Amino acid sequence: MKMVSWNTTNQCNMFCDHCYREAGSKLSDELSTNEARKMIDEIKKAGFKLMIFSGGEPLMRPDIYELGHYASEQGLRAVMGTNGSLITPEVAARLKESGFMAAGVSLDSLDPDKNDAFRKMENAYELTIQGMKNLRAAGLPFQIHTTVMDWNVDELEAICDFAIELGAMAYHVFFLVPTGRGAEIEEEALRVIEYEKTIARLMEKQKKISIEIKPTCAPQFIRIADKKGLSLRFSRGCLAGISYCIISPKGDVQACAYLNIPLGNVKEKPFDEIWLENKMLQELRTQNYKGKCGVCDYKDKCGGCRARAYYYSGGDYMAEDEWCLYHPPGVK
């Protein structure tokens with residue numbers, strides 16, 4: 001299933017340390033309502049099924065309900081990525097009425113002080129928890145998103161249990177790729193051995209619970225799950241340019257959030273044409289990766305993190321993902 005994420009606005013009421021968009025203030029050239037509606041038509045034409053409305057904080061965009069409803073009318077599954085702090089009972093009810101099918105809500109620690117320090121907002125923890133409770137009361141499914149760092153890595157199983165307690169349908173763990181403000185805290189990201197161990201821990205946890213755990217920007221989870229005998233609904237790790245892309249608040253298309261390479265702007269060229277014709281997207285779809293990624297027996301299922309490969313190789317998004325410990329058969 002093809003999915004697209006649209007950063008609806010750069011405006012945000014938080015100032016998170018890891019934000020790849022460096023969100024905060026609204027940009028002067030963000031897509032207008034009419035431009036967004038036209039883009040949604042083109043997303044549908046390109047064969048996409050799922051549209052993620054994210055940010056910044058999407059609830060700071062006044063027409064978000066209108067655009068979610070419009071996307072639903074076009075047959076797209078509209079979901080929202082939010083920090084949750086603005087979700088009052090009225091907002092939760094309106095999201096459901098507008099056609100949104102689910103929400104992903106960010107929570108990075110069960111320690112309110114740590115969570116709020118990372119999010120740069122007082123009472124972020126309390127507001128976020130209440131937002132999730134409001135979603136549950138409105139009957140709108142939600143999942144919890146955590147960005148894993150060296151200071152919260154030991155909390156992941158506990159946050160997962162908390163997600164179950166709150167009634168979340170899934171727990172998605174995001175591994176840092178140094179982009180935007182995230183580049184400034186790159187030293188807090190997990191290193192290779194700890195990265196692999198953490199994915200393995202999450203897959204062990206998956207064996208014991210009923211809700212879905214998905215490591216994100218960690219495509220090696222496909223291999224690790226396979227080795228542990230887990231049967232997951234996911235058929236591939238890195239989707240960048242293959243069945244996923246992202247669109248910035250002002251309309252720039254990128255292969256993924258962390259590959260900060262604009263491929264065209266929907267104000268100047270229809271999205272469906274960018275998706276079909278762009279040379280970088282076409283190259284990513286060849287899966288002609290370099291190094292061990294190119295000969296790996298999990299190439300078709302994993303693909304390595306293309307953004308991490310780009311960052312650590314100094315600019316080659318087809319390079320091998322050096323954060324992978326696996327040695328394919330015949331490769332030393």
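Residues numbered from 1 in each chain as written. Predicted model: local features only at pLDDT ≥ 70, side-chain atom pairs only at ≥ 80, totals over all residues. Heavy atoms only, no water.

Student: Which parts of the structure should I look at to understand the pairing of strand β2 (residues 50-54)?
Tutor: Each regular strand displays side chains that alternate between the two surfaces of the sheet. Across the five residues of β2, four count as buried, placing the element largely inside the fold. Both β2 and strand β3 (residues 77-82) contribute to a ladder of four bridges, which runs parallel. Each bridged residue has a counterpart across the sheet, and for Leu50 the counterpart in β3 is Arg77. Crossover β2 to β3 through helix α2 (residues 64-73) is right-handed. (Buried < 20%, exposed > 50% of the residue type's maximum accessible area, 1.4 Å probe, protein only. Helix = DSSP H or I, 4+ residues; strand = E, 2+ residues; numbered from the N terminus. Pairing = 2+ DSSP bridges. Right-handed = clockwise from strand over helix to strand, strands pointing away.)

Student: So what exactly am I meant to see when it comes to the packing of aromatic side chains here?
Tutor: Within a pair of aromatic rings, the relevant descriptors are the distance that separates the centres and the angle that separates the planes. A complete count under the given rule lists 11 aromatic pairs for this structure. The ring of Trp323 carries Arg308 above its face, with NZ or CZ at 5.1 Å from the centroid. (Phe/Tyr/Trp six-rings, centres within 6.5 Å; stacked < 30°, edge-to-face > 60°. Lys NZ or Arg CZ within 6 Å of the ring centre and 35° of its normal.)

Student: Explanation requested: the packing of helix α5 (residues 124-138) against helix α6 (residues 156-166) in the structure shown.
Tutor: Angle between the axes and distance between the axes are the two parameters that describe a pair of packed helices. Close contact between α5 and α6 brings their axes to 10 Å; oriented N to C, the two are set at 40 degrees. When the interaxial angle is binned, α5 and α6 end up oblique. Side by side, α5 and α6 meet where Tyr125, Ile129, Met132, Lys133 and Arg136 of the first sit next to Phe162, Glu165 and Leu166 of the second. (Axes fitted to C-alpha atoms, helices over the stretch in contact; angles between N-to-C directions. Parallel < 35°, antiparallel > 145°, perpendicular 65-115°, else oblique. Contact = heavy atoms within 4.5 Å.)

Student: I keep staring at the side chain of Arg61 and nothing clicks. Help me out?
Tutor: Relative to the assigned elements, Arg61 resides in the loop between β2 and α2. On the accessibility criterion, Arg61 (7% relative accessible area) is buried. Filtering out sequence-adjacent residues up to four positions away, Arg61 remains in contact with Trp6, Thr8, Thr9, Leu31, Ser32, Thr33, Ala36 and Leu67.

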